[in-house]
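What follows is the residue order along each chain.
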Amino acid sequence: MPKRVHMYVTIFLELKERILGGGLPKGAKLPSEAELSEQYAVSRITSRRALNELVEIGLITRVKGAVSFSNGAPEVPVDPRPKKRLPVITLMMPFASQLGRSVDLFHGSREMAESRGYMVNLLVTERDFAKEREYLQSEMHSYAEGVIIYPISDVQNLDILYEIELSGFPIALVDKRVEGIRSTTILSDNLGGSQAAVRHLVELGHRRIVFVTDMPLGAASSIRDRFLGYSRAMAEAGLMDHLRIVDYSEALRLAFPTGVEAIDRPFATNEALIDFFRHILRQIRETASCPSAVCAVNDYVAIHLMRAAAAEGIAIPNELSLTGFDNIELAAELPIPLTTVEQDFFSIGYRAAEHLIDQIEGKHAPSGEIITLPTRLIPRKSARPPA
């Protein structure tokens, strides 16, 4: 998704490029506020703001009558960031599907930001580590005051994350704990949520419960916490002998080496993807201790398994109970509504923006605080007592 900015930023950048490139040499007269307003179809306030930002970094001089002249390209490269930074914060996310709940993260951060006089610029990395790296590097020289980072993993691009923090550029993290980062981190109670889901299955009478994930445990603290919650619930029920994890992340990578966009679109008609999950489901069930329930790491995994079960003729929940995590919008609308754990993405976004803006405005310094927000179990029809 391309970076979305206000028109005064567009005008500022285009004029800056013309000055630095020699198109507007020293002494050249710039378009007036009225001319810029007509050219870009914006108000005089917008064009005036763009010109004032150029004054702030020393590229133009404005004289009486609002006439502007280029100061030419400086001998020493101009600081790419204006001295007076623009009232924008950036939210960087790995995905922004309307079918999921991640959009609530944006809504929460925007509500808080707008209440404090800031706008929110959204960047989507599409779970691409190279794109995430590029965006992280560009944010240090952007026109945003700070950035909320929802990292793809807590072990990738660490050098850039550390560089950003050590530069003093304000950041806040969401969803994952990153070792060594002193900025505020806002998390869901992934451990407690997963523990609640497994306790629910145990209360229904299940004993053979398997944890299924599409990411290795080493990839993210949120995945580790969910597996730990599963493990603790199994231990407290005396079911450690039945502890089992199925991690199909490497099989998925080998089956779809160029990636598979439909992985986050559970109803996409991708026959290869359906066949892949049918194979995974067979692997899960074709053991001496065939599980009666699956605790899926997220709703997407649960829904893909639900589709595979239908294709395999396995009745959910009569033959296999399923729980998910996240409570995406589709979870309640499925033919068999999904039992899941709800994250409060809106509050995560709201609190992250609040802490980021407090840091920007000097109300507190980074302290490594980790704020954990509660999750909520939502029982539905995909889980029932075993036959």
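For the structure itself, consult the block above.
Everything numeric in this text was worked out from a predicted model, so none of it was measured.

Draft legend 1. Here's a closer look at the overall build of the protein. Counting its secondary structure elements, the protein contains twelve helices and 14 strands. Seen through its C-alpha atoms, the protein measures out along the principal axes to roughly 85 × 45 × 35 Å. For the protein, the residues scored as buried account for 51% of the 387 residues in total. Taking the intrachain contacts of the protein between residues at least 6 apart in sequence as the baseline, contacts between residues at least 24 apart amount to 74%. Taking the average location of the 43 positive side-chain charges in the protein and that of its 49 negative ones, the two points are 3 Å from each other.

Draft legend 2. Just the pairing of strand β3 (residues 88-93), in detail. Burial analysis of β3 places six of its six residues in the buried class, the great majority of the element. The two faces of β3 match: V88, T90 and M92 on one face and I89, L91 and M93 on the other face are all buried. Relative to strand β4 (residues 119-124), β3 runs parallel, the two being bridged by six bridges. When the bridges of β4 are listed, I89 appears paired with V120.

Draft legend 3. Spotlight on the side chain of Q359. Note that Q359 resides in helix α12 (residues 345-360). Q359 gets classed as buried once you look at its relative accessible area, which sits at 14%. Not counting the four nearest positions on each side in its chain, Q359 is found in contact with P170, I171, S183, H364 and P366.

Draft legend 4. Expanded view of the pairing of strand β6 (residues 171-174). Alternating positions in β6 separate into two faces, I171 and L173 on one and A172 and V174 on the other, with burial throughout. In this structure, strand β5 (residues 146-149) lies alongside β6, joined through three bridges in parallel fashion. Considered in β6, the bridge of I148 is made with A172. Considered for its hand, the β-α-β crossover made up of β5, helix α6 (residues 158-166) and β6 is right-handed.

Draft legend 5. Spotlight on the sheet that holds strand β8 (residues 209-213). Strands sit in the order β9-β8-β10-β11 across an open sheet of four strands; the sheet is parallel. In this open sheet, the two strands that pair with only one neighbour each are β9 (245-247) and β11 (321-323). Across the sheet, the axes of successive neighbouring strands diverge by a mean angle of 20°, strand direction being ignored. As paired strands, strand β10 (residues 293-296) and β11 are joined by three bridges and run parallel to one another.

Draft legend 6. Summary view of the nonpolar core. Counting residues in hydrophobic clusters, the biggest one holds 47 residues, and the most contacted among them are I209, V212, V294 and L305. Counting residues per element, the ones that place at least two in this core are α7 (190-204), β8, α8 (221-236), α10 (271-285), β10 and α11 (299-312). With eight residues, the single largest contributor to this core is α11. Not counting residues up to four positions away in its chain, the partners in contact with L305 are V212, F277, I280, L281, I284, V294 and L322. Residues L91, Y150, I348 and L356 belong to the second largest nonpolar core, which totals 23 residues.

Draft legend 7. Looking closely at the side chain of S37. Among the secondary structure elements, S37 is positioned in helix α2 (residues 33-40). What S37 contacts, discounting residues up to four positions off in sequence, is V42, S43, R44 and S47.

Draft legend 8. Spotlight on helix α1 (residues 7-20). Relative to the 20 Å expected for 14 residues at 1.5 Å per residue, α1 spans 20 Å between its end C-alpha atoms, a close match to the ideal helical length. All of the buried residues in α1 are Y8, V9, I11, F12, L15, K16 and I19. One face of α1 carries all of its buried residues, which in axial projection span an arc of 160°. Residues of α1 that are buried sit in contact with α2, α3 (44-56), β1 (60-63), β2 (67-70) and β3. Once α1 ends, the next one or two residues include G22, with phi positive near 90°.

Draft legend 9. Layout of the pattern of salt bridges. Taken as a whole and assessed by the stated rule, the structure comprises 18 salt bridges. The closest approach of N and O atoms between D154 and R224, which form a salt bridge, is 3.2 Å. Note that D154 is positioned in the loop between β5 and α6 and R224 in helix α8, a separation of 70 residues in sequence. Its salt-bridge partner being R226, residue D326 comes within 3.7 Å of it at the nearest N-O pair. With a gap of 100 residues between them, D326 in the loop between β11 and β12 (340-342) and R226 in helix α8 connect regions that are remote in the sequence. Here the salt bridges do not stand alone but share partners, grouping R116, D358, E361 and K363 into one network.

Draft legend 10. Representation of unusual backbone geometry within the structure. A cis geometry characterises the amide bond from I316 onward to P317, with omega recorded as 5°. By secondary structure assignment, the location of P317 is in the loop between α11 and β11. Phi at E126 is positive, roughly 55°, even though this residue is not glycine. Residues other than glycine seldom take positive phi values, yet R127 does so here, at roughly 55°. Following the sequence through the fold, R127 ends up in the loop between β4 and α5 (129-139). Taking relative accessible area as the criterion, R127 reaches 35% and is therefore assigned partly exposed.

Draft legend 11. Just the environment of S153, in detail. In this fold, S153 is placed in the loop between β5 and α6. Classification of S153 as buried rests on a relative accessible area of 2%. For the pair S153 and E361, spaced 208 residues apart in sequence, the C-alpha separation works out to 29 Å. Of the polar contacts made by the side chain of S153, one reaches the backbone nitrogen of V155; its length is 3.1 Å. Among the polar contacts listed, one links the side chain of S153 to the backbone oxygen of A219, at a separation of 2.6 Å.

Quick notes on the rules
Position labels on residues start from 1 in each chain and follow its written sequence. Reporting in this predicted model follows two pLDDT cut-offs: at least 70 for local features of residues, and 80 or more for side-chain atom pairs to be given and counted; totals over whole chains, interfaces and linings ignore these cut-offs and use all residues. In computing side-chain properties, one takes all heavy atoms of the structure into account and sets aside hydrogens as well as water. Segments assigned H or I by DSSP are reported as helices when at least four residues long, segments assigned E as strands when at least two residues long, and all are numbered from the N terminus. Throughout this description, buried means an accessible area under 20% of the type-specific maximum (1.4 Å probe, protein chains only), exposed means over 50%, and partly exposed covers the range between. Two residues form a contact once any of their heavy atoms are found within 4.5 Å. For this count, His and the chain ends are skipped, Lys and Arg are scored as positive, and Asp and Glu as negative. Charge positions come from single atoms, namely NZ of Lys, CZ of Arg, CG of Asp or CD of Glu. Note on pairing: two strands pair once DSSP finds at least 2 bridges between them. Note on handedness: a crossover is taken as right-handed if, strands pointing away from the viewer, the path from the first strand over the helix to the second is clockwise. Note on geometry: axes are C-alpha line fits, over the in-contact stretch for helices, and angles between N-to-C directions span 0 to 180 degrees. Residues belong to a common nonpolar core when they are buried Ala, Val, Leu, Ile, Met, Phe, Trp, Tyr or Cys residues joined through side-chain atoms within 4.5 Å. Helix span, as expected, comes to 1.5 Å for every residue beyond the first. Think of the arc as the fan of directions from the helix axis to the C-beta atoms. Any carboxyl oxygen of Asp or Glu that lies within 4 Å of a side-chain nitrogen of Lys or Arg is treated as forming a salt bridge with it. N or O atoms within 3.5 Å of each other form a polar contact, as long as, within protein, one can give a hydrogen and the other can take it, and as long as residues adjacent in sequence are counted only when both atoms are side-chain atoms.

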